[in-house]
Amino acid sequence: MNAKKQLTEGLITNNPVLVQQIGLCATMAISTTLFNGIGMGLSVLIILTCCNVVVSAIRKIIPGQVRLAIFVVVIAGFVTIVDLLLQAFIPALSSALGVFIPLIVVNCIIIGRAEAFSSKEGVFLSFRDGVFQGLGYTCVLVLMCLVRELLGSGTIGGGILNGATSFFTLDGTGAGIRIIPEGFGAGALVLPFGGFLTLGCLMAVMQYALRKSNEKKARKEKEVKE
Amino acid sequence: MFASIVTISLAAILTNNFIFSQFLGICPFLGVSNKMSTATGMSVAVIFVMTMASAICWVINEFLLIPFGVAGFMQTVAYILVIAVLVQFVEMFLKKAIPALYSAMGIFLPLITTNCAVLGVVLLNTQNNYNFLESLVDGFTGGLGFTVAIVLFASVRERLEFADYPKAFEGFAICLVSAALFALAFMGFSGMRIPV
Amino acid sequence: MKKAIDFIKPAVILLLVAAVVALVLGLVDMMTRDRIADIAEQTKTNAMKAVLDAESYEQIDLGAEAPADIDEAYAAEGGGWVVQVTETGSQGAITMMVGVDADLACTGISVTTSSETAGLGAIASQASAAGDAFRGQFVGQSGTVAVTKDGGQINALTGATITSRAISTGVTSALALCETLG
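About the criteria used
- Residues numbered from 1 in each chain as written.
- Chains lettered and ligands numbered in written order.
- Predicted model: local features only at pLDDT ≥ 70, side-chain atom pairs only at ≥ 80, totals over all residues.
- Axes fitted to C-alpha atoms, helices over the stretch in contact; angles between N-to-C directions.
- Helix = DSSP H or I, 4+ residues; strand = E, 2+ residues; numbered from the N terminus.
- Parallel < 35°, antiparallel > 145°, perpendicular 65-115°, else oblique.
- Left-handed = near helix turned anticlockwise from the far one by under 90°.
- Contact = placed C-beta atoms within 7 Å.
- Nonpolar A, V, L, I, M, F, W, Y, C, P; charged D, E, K, R; others polar.
- Pairing = 2+ DSSP bridges.

1. Let's talk about the packing of helix 8 (residues 192-225) of chain A against helix 9 (residues 172-187) of chain B
Direction vectors running N to C along helix 8 of chain A and helix 9 of chain B enclose 170 degrees, while the axes themselves pass 8 Å from each other. It follows that helix 8 of chain A is roughly antiparallel to helix 9 of chain B by the angle criterion. Of the two elements, helix 8 of chain A crosses helix 9 of chain B, and the hand of that crossing is left-handed. When helix 8 of chain A is examined against helix 9 of chain B, the residues Pro 192, Phe 193, Phe 196, Leu 197, Leu 199, Gly 200, Met 203, Ala 204 and Gln 207 of chain A are found in contact with a partner set consisting of Phe 172, Ala 173, Leu 176, Val 177, Ala 179, Ala 180, Ala 183, Leu 184 and Met 187 of chain B. Across the contact of helix 8 of chain A with helix 9 of chain B, the residue classes break down as 16 nonpolar, 2 polar and no charged.

Right under this line is the structure:
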């Protein structure tokens, strides 16, 4: 398995959110500003990579009957570490994401990758898998945030850009760059309604694109044969 | 006391419905809502586990984690372990004691461990400083809210099978769009206030 | 005999993994605990200074019969009070600091924690022009504060009546408490 194939799998063909359709809860709940999206995406990326490496390293000594319990404990451990570090160093992000940081424990992406990939493969492959799958997750989150924030509140980069003291800020005061004048956004998009709708449409776009590319591939193969 | 319990129940079932306004438990919600019978089976299992988990985790937090001063960093680990063990026990107990019920909800039980509504309700109970009774009520009514959402949605999905929508929306995509309309409808409850 | 080993081995490994995790978490907690406490303290003092500037604040013992929504109250040096109130908003608890001067008028509010909807209710806690404008309305208010929809003086945030209502209720409670203190 080469790195390029793993990367395209993580980002597109086997994207955790749009294709495997797991880890949807947090994706919809926090994708309201760019700050939340990038923060959540990177947190998941780090936790996923660490868990993949540890699970892969101890995969030979894990007894089958309690493997899920062990995965869950390892995951919960890393999640708590990230939670504490965020509270200590980026408190604004920690309060914005709230309960969704500890809830990464039950994010199906992490336990899913542990069960399907890292408990079977070597440490290095698992590390790469964690990074690429995490990247795929982060990309979808950022995309969701951009759409919902731009159309809903009319800004881009809410939370991290255009802060009170500096242009790029991590203290959560960023107002974002206003594209659509205040009061003209489709406010419902930042509500739960918008979360469901945006993700549903993104999934449809992805399915359309994947099917088109598959059809193209099939046609090419047919031409080659003829 | 009575007022706070009514407020919690109403919030958990309608105004802050776990699925339509808090985005907790989406995976099982989409996964098993394709048939009415599986939806009700899952709901019963969720109500049961959520109520039990709320009660047990409250006790553990109050009498184990807080006295030893480790509540800040062991909470998540302890809670998820409690849920995992609880699910395992319920499964074993049902298999032996009530085989009929086991065959009805058995396959859903392992899924509940990774249902974020269960861990979510327990964490939120702690965050909101609920007492034992309030946690219990929140767990039970949270499960009821999940049931309302999933049963309503299952009946819509049964009709979706005959609907004519673009092919690209097949599968979860059309479900999410329908769920969006549900979320919009549930927003109507958010103006509700309990006169105290 | 083999059966017993089959049963014990997984349990021991699970226990070992849990122990290692607990140990690591304990270490991380030791490193971050003071910093997290400092940040919480700092946020609180900043919020108090923002609503009513004073050299020092002295906590008032409210006793058991304080209203349920009041968390803490402080007497500011040089007159006035700062009250921490928690109300239920649309997405959960909203905790705010309310400054009250010696004449029982509100000197300012600051929302310290809330989980309101981004772009709507969350504006109440943001350091933006819209947030400042909303919070500014409370300055100078006294007696009962309510949103215009309920016959009061506060223009609610667009699409966030519940948030605005909760904050108005909080300010009213704080003002009422200070009346009993003063």
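2. Section: the sheet that holds strand 1 (residues 57-59) of chain C
Remark on secondary structure: sheet strands pair via backbone hydrogen bonds, oriented parallel or antiparallel. All names here are of chain C. Taken in spatial order, the 5 strands of this open sheet run 1-2-3-4-5, and their pairing is antiparallel. Two strands bound the open sheet, and with one partner strand each, they are strand 1 and strand 5 (106-113). Geometrically, the sheet is characterised by an average inter-axis angle of 25 degrees between neighbouring strands, direction not taken into account. Pairing of strand 4 (residues 93-100) with strand 5 involves 6 bridges; the strand directions are antiparallel. Among the inter-strand pairings, Gly 99 is bridged to a residue of strand 5, identified as Gly 108. In the packing of helix 3 (residues 161-181) onto the sheet, the strands contacted are strand 2 (70-76), strand 3 (81-88), strand 4 and strand 5, and the crossing angle to strand 3 comes to about 140 degrees.

3. Topic: the interface of chain C and chain B
Listed per partner, the contact involves 7 residues of chain C and 7 residues of chain B. With 4 residues, the top contributor of residues to the side of chain C that touches chain B is helix 1 (residues 2-51) of chain C. In the side of chain C that touches chain B, the residues fall into 5 nonpolar, 1 polar and 1 charged.

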